[in-house]
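Residues per chain, in single letters:
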Amino acid sequence: MRFQAFSLQHVVVIGLLMVLILGLFLLRHRIAARPRIKSLIRRLLIAALLLPEAALQTWYLTAGIWDRSTSLPLELCSLTMFLGGIMLLTGNRLLYEILYFAGIGGALQAVLTPNLDYPFPHFRFIHFFIVHMAIILAPLYMTWIEGYRPRWMSILRNMIFLNGAALLVAAVNWAIGSNYMFLMHKPSTPSVLDWLGPHPVYILAEELIALLLFTVMYMIFFYLPDQMRQKRRKKRPPTFSTGKSI
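In this text, all values refer to a predicted model and were calculated from it rather than measured experimentally.

Calculation criteria
- Residues numbered from 1 in each chain as written.
- Predicted model: local features only at pLDDT ≥ 70, side-chain atom pairs only at ≥ 80, totals over all residues.
- Heavy atoms only, no water.
- Helix = DSSP H or I, 4+ residues; strand = E, 2+ residues; numbered from the N terminus.
- Buried < 20%, exposed > 50% of the residue type's maximum accessible area, 1.4 Å probe, protein only.
- Areas by Shrake-Rupley, 256 points an atom, 1.4 Å probe, with all protein chains shown as cover.
- Lys, Arg positive; Asp, Glu negative; His and termini not counted.
- Charge placed at Lys NZ, Arg CZ, Asp CG, Glu CD.
- Expected span 1.5 Å × (residues − 1).
- Bend = angle between axes of the 7 residues up to and from the residue.
- Salt bridge = Lys/Arg side-chain N within 4 Å of Asp/Glu carboxyl O.
- Core = buried A, V, L, I, M, F, W, Y, C linked by side-chain atoms within 4.5 Å.
- Contact = heavy atoms within 4.5 Å.

1. Quick word on the overall build of the chain
Here's step 1: Within the chain one finds 8 helices and 0 strands.
Here's step 2: Its helices and strands taken in sequence order, the chain reads α-α-α-α-α-α-α-α from the N to the C terminus.
Here's step 3: Taking the principal axes of its C-alpha atoms as reference, the chain extends roughly 85 × 40 × 35 Å.
Here's step 4: In the chain, buried positions account for 41% of the 246 residues.
Here's step 5: Accessible surface computed for the chain: about 14700 Å², of which carbon and sulfur atoms make up 69%.
Here's step 6: Both charge centroids of the chain, one from 23 positive and one from 10 negative side chains, sit 21 Å from each other.

2. Details of helix H5 (residues 93-112)
Here's step 1: With 20 residues, H5 should reach 28 Å at 1.5 Å per residue; the first-to-last C-alpha distance of 27 Å fits that figure.
Here's step 2: Its axis deflected by about 35 degrees at Leu-99, H5 carries its strongest bend there.
Here's step 3: Counting buried residues in H5 gives 15 out of 20 residues, a clear majority hidden from the surface.

3. A short note on the pattern of salt bridges
Here's step 1: Scanning all chains against the criterion turns up 7 salt bridges.
Here's step 2: Note that Glu-97 and Arg-151 form a salt bridge whose closest N and O atoms lie 3.2 Å from each other. With a gap of 54 residues between them, Glu-97 in helix H5 and Arg-151 in the loop between helix H6 (123-144) and helix H7 (152-176) connect regions that are remote in the sequence.
Here's step 3: Here Asp-226 and Arg-149 are joined by a salt bridge, their closest N and O atoms 2.6 Å apart. On the criterion of sequence distance, the pair formed by Asp-226 in helix H8 (residues 201-235) and Arg-149 in the loop between H6 and H7 is long-range, its members being 77 residues apart.
Here's step 4: What makes Arg-149 partly exposed here is its relative accessible area of 35%.
Here's step 5: By sharing partners, the salt bridges in this structure join Lys-38, Arg-42 and Glu-146 into a single network.

4. Here we look at the nonpolar core
Here's step 1: If you look at the biggest cluster of nonpolar residues, it comprises 52 residues, and the most contacted ones within it are Met-87, Leu-88, Phe-129, Ile-135, Tyr-141 and Phe-214.
Here's step 2: Looking at this core, the elements with two or more residues in it are helix H1 (8-26), helix H3 (35-62), helix H4 (76-90), H5, H6, H7 and H8.
Here's step 3: Counting residues per element, this core draws most heavily on H6, at 13 residues.
Here's step 4: What Leu-88 contacts, discounting residues up to four positions off in sequence, is Arg-42, Leu-45, Ile-46, Leu-49, Ala-138, Tyr-141 and Met-142.
Here's step 5: The next biggest cluster of nonpolar side chains, apart from the first, holds 6 residues, and it includes Leu-74, Ala-166, Tyr-180 and Met-181.

Written out as structure tokens, the structure reads:
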């Protein structure tokens with residue numbers, strides 16, 4: 001039996017991700033006030049990002065199916081997975097900016113339209129969704145618990161990162177005949193790329209969609225709330241002290 005998109009098991013995973021995101025947001029102040037809980041969540045996220053990949057590479061080798069054209073961690077989510085682990089370990093703000101935009105954007109697409117053959121409870125199914133959910137949760141943790149936030153320039157830095165990574169991965173694809181990041185052709189399973197035209201048109205379309213998505217993510221979650229807070233402050237009437245001087 002093959003994995004089916006939006007089957008019951010897929011919908012359950014999407015629901016679980018939504019619950020985790022909502023729980024992290026609603027409990028953000030309580031978590032931020034408890035260093036031990038913060039440390040525990042941070043360690044769990046690091047483990048969820050790095051340990052499954054080590055297990056996956058071990059499985060490839062023991063199953064005798066490791067192949068340089070498909071098994072190297074050179075997909076966008078694989079790159080952001082490693083960067084997410086480093087971000088959580090070091091607190092690096094540049095990596096946070098990359099994870100907030102490229103990490104969330106790429107992993108969310110992967111969760112909604114997985115390029116996956118194995119259904120639950122296969123190891124590959126569990127690995128896939130644990131890693132991609134952790135990629136999404138890691139920058140949200142840094143935003144809501146640690147107080148990090150991106151800036152307008154973060155969008156430009158993300159576009160530079162994406163294009164730089166694509167050039168390096170394209171060179172690897174050309175050298176070994178692989179299709180990492182789907183730069184050579186579309187995936188065999190249904191995906192968002194099916195709506196974006198033939199190769200290489202869909203790559204250019206991805207660039208525009210990424211720029212638009214990153215801008216919307218910043219506008220909705222940071223710029224517009226900041227503007228609303230500033231307007232509320234301006235509308236507040238001035239307060240005067242009623243205390244008597246001595």
